[in-house]
Amino acid sequence: MQKKYKMSGGRYEQRGVSADKSEVHQAIKNLDKGLYPNAFCKILPDIAANDASYCNLMHADTAGTKTSLAYVYWRETGDLSVWEGIVQDALVMNLDDMACAGCINDFVVSSTIGRNKNLIPAEVLTALIEAAPKFAQAMEAYGIKLHLAGGETADVGDIVRTADVGFTVFSRMPRKDVINIDIKEGDYIVGFAGYGQTNYESSYNGGMGSNGLTSARHDVFHSLYAEKYPESFDPGINRALVYSGSKKLTDTVEVNGSVTTLGKLVLSPTRTFLPLLSRLVPAYRNQIHGIIHNTGGGLYKVDKFIGEGLCAVKDNLLPVPPLFQIIEQESGTTHMDMFKVFNMGTRLEIYTPDLKAAEIMIEEAGKLGIQAQIIGRVVSGENEKVKIID
């Protein structure tokens, strides 16, 4: 029988990553938390125009170790499209976090790309640079403006093993529009799927997002990739934990009536919910007590934003899509521990006290091809802030 592991520690930490980023949170605990301490992003005074009725947001993030898997897949198949997906990953990790704070338009975007020039040639660099305008054009069709401000591309092979792709995003918004998270007892939790295929996606999305990739790629894929591509992982990791799965990147999987490779399934670009949130936030801002982007920490992300004495009980979760079932099987991770690292298909949550508003949110999501449902309620009297019942 396969041993069951706890993903929140042990193997995960031995690979040099943290599910809950406890050391990061400890390091920043004494820093100023901005104008609205419980907003999903830090909110600053309006430094741009010094208008007391406005505020500024600046957010930075990367695609993380997903670039390592994109590199291996590209080397194996020659498929440059995975690099376009990496750019979307890095962009969405910024944009959707900002949207959770109520910022849904007019983003100024700057990129930072670091590469090992000996391994990442001009054709990959071109694919990376051309991807942001493509994404911006797709968002413009939904009335969402991304203003591309260029960026920095550096050849830093001494410190970057393959490639690192990140963005910094700035925006300005009225203070009255900020969503300062204030989750209350009785709130409905509306969950929105990160998997499937929306009206604005060209293919099925496995729902991976950009978190948990270190675990996913090493637990799922075969050791042959360690031999062929030693540059794709940290040489300080215990080799027993490197590419320790049974699958190949080109193994095929049937999902949603079509066939794709497992590599492409894991590398599905992080879905943006901006086309949905740009509709919901202006219409229901007063009925929204919080929006949570389930990135680092999986379905326990809300733990950092919910008040003492309250518990988000999630007992009607969306179906877990095939990708996370494969990861669970290959890794031997306990089912409940999977929720601490992966979004398990539920990438976004909205907390609202208004049942009618929740129902309309679900209906609006459906119009865009996003599966959604009420996944739980906020209650008091529990001894934990998040309870998963699955």
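Since the structure is predicted, the reported quantities are computational estimates derived from the model, not experimental observations.

**What about the packing of helix 3 (residues 66–77) against helix 4 (residues 81–100)?**
Each pair of packed helices can be described by the angle between their axes along with the distance between the axes.
Then comes step 1: Running from N to C, helix 3 and helix 4 cross one another at 170 degrees; their axes reach a closest spacing of 9 Å. The angle between helix 3 and helix 4 places the two elements in the roughly antiparallel class. In contact with K66, T67, A70, Y71, Y73 and W74 of helix 3, helix 4 contributes V82, W83, I86 and D89.
Then comes step 2: Here the contact of helix 3 with helix 4 is composed, by residue class, of 7 nonpolar, 1 polar and 2 charged.

**Details of the sheet that holds strand 3 (residues 107–115)**
Then comes step 1: Across the sheet, which stays open at both edges, the 5 strands sit in the order 1-2-5-3-4 with mixed pairing between neighbours. Where the open sheet ends on each side, the last strands, each with one partner, are strand 1 (44–45) and strand 4 (146–155).
Then comes step 2: One ladder, built from 9 bridges, connects strand 2 (residues 54–62) with strand 5 (residues 163–174); its direction is antiparallel. Bridge pairing in strand 5 places M58 opposite F170.

**With respect to the side chain of R115**
Then comes step 1: Structurally, R115 is set in strand 3.
Then comes step 2: Of the polar contacts made by the side chain of R115, one reaches the backbone oxygen of I120; its length is 2.8 Å.

**Examining the pairing of strand 6 (residues 188–193)**
Then comes step 1: With 6 of its 6 residues buried, strand 6 lies for the most part within the structure.
Then comes step 2: Side chains Y188, V190 and F192 of strand 6 all project onto a buried face; the interleaved residues I189, G191 and A193 project onto the opposite face, where all are buried too.
Then comes step 3: With 5 bridges connecting them, strand 6 and strand 12 (residues 372–380) associate as antiparallel partners. For G191, the partnering residue across the bridge sits in strand 12 and is Q373.
Then comes step 4: As paired elements, strand 6 and strand 11 (residues 346–352) share 6 bridges and run antiparallel to each other. Within strand 11, the position partnered with F192 by the bridge is L348.

**Description of helix 5 (residues 122–140)**
Then comes step 1: With 19 residues, helix 5 should cover 27 Å at 1.5 Å per step; its first-to-last C-alpha distance of 28 Å lies within 8% of that length.
Then comes step 2: Within the sequence span of helix 5, burial applies to V124, L125, A127, L128, A131, A132, F135, A136 and M139.
Then comes step 3: Buried-residue contacts for helix 5 involve helix 3, helix 4, strand 3, strand 4, strand 5 and helix 9 (274–284).

**With respect to the pairing of strand 9 (residues 290–293)**
Regular strands have side chains that alternate between both faces of the sheet.
Then comes step 1: Where burial is concerned, the two faces of strand 9 agree: the one with G290 and I292 and the one with I291 and H293 are both buried.
Then comes step 2: Direction of pairing for strand 9 relative to strand 11: antiparallel, over a ladder of 4 bridges. Note on strand 11: the bridge partner recorded for I291 is I350.

Criteria and thresholds
- Here, residues in each chain are numbered from 1, in the same order as that chain's written sequence.
- Side-chain atom pairs in this predicted model are given and counted only at pLDDT of 80 or more, local residue features only at pLDDT of at least 70, and totals for whole chains, interfaces and linings cover all residues.
- Heavy atoms throughout the structure, all of them, feed into the side-chain values; hydrogens and water do not.
- For every element, the axis is a line fit to its C-alpha atoms; helices are fit only across the contacting stretch, and the angle between N-to-C directions ranges from 0 to 180 degrees.
- Under the scheme used here, helices are H or I runs from DSSP no shorter than 4 residues and strands are E runs no shorter than 2 residues, and both carry numbers assigned from the N terminus.
- Small angles under 35 degrees read as roughly parallel and large ones over 145 as roughly antiparallel, with 65 to 115 read as roughly perpendicular and the rest as oblique.
- By definition, residues are in contact when any of their heavy atoms lie within 4.5 Å.
- Each residue receives one of three labels: charged for Asp, Glu, Lys and Arg, nonpolar for Ala, Val, Leu, Ile, Met, Phe, Trp, Tyr, Cys and Pro, and polar for the others, Gly being one of them.
- In short, DSSP must find at least two bridges between two strands for them to pair.
- Pairs of N or O atoms within 3.5 Å make up the polar contacts considered here, provided that, within protein, one atom can donate a hydrogen while the other can accept it, and that residues adjacent in sequence are counted only when both atoms are side-chain atoms.
- Burial here depends on accessible area, computed with a 1.4 Å probe over protein chains only, as a share of the maximum for the residue type. Under 20% is buried, over 50% is exposed, and the range in between is partly exposed.
- A helix's residues, less one, multiplied by 1.5 Å, set its expected span.

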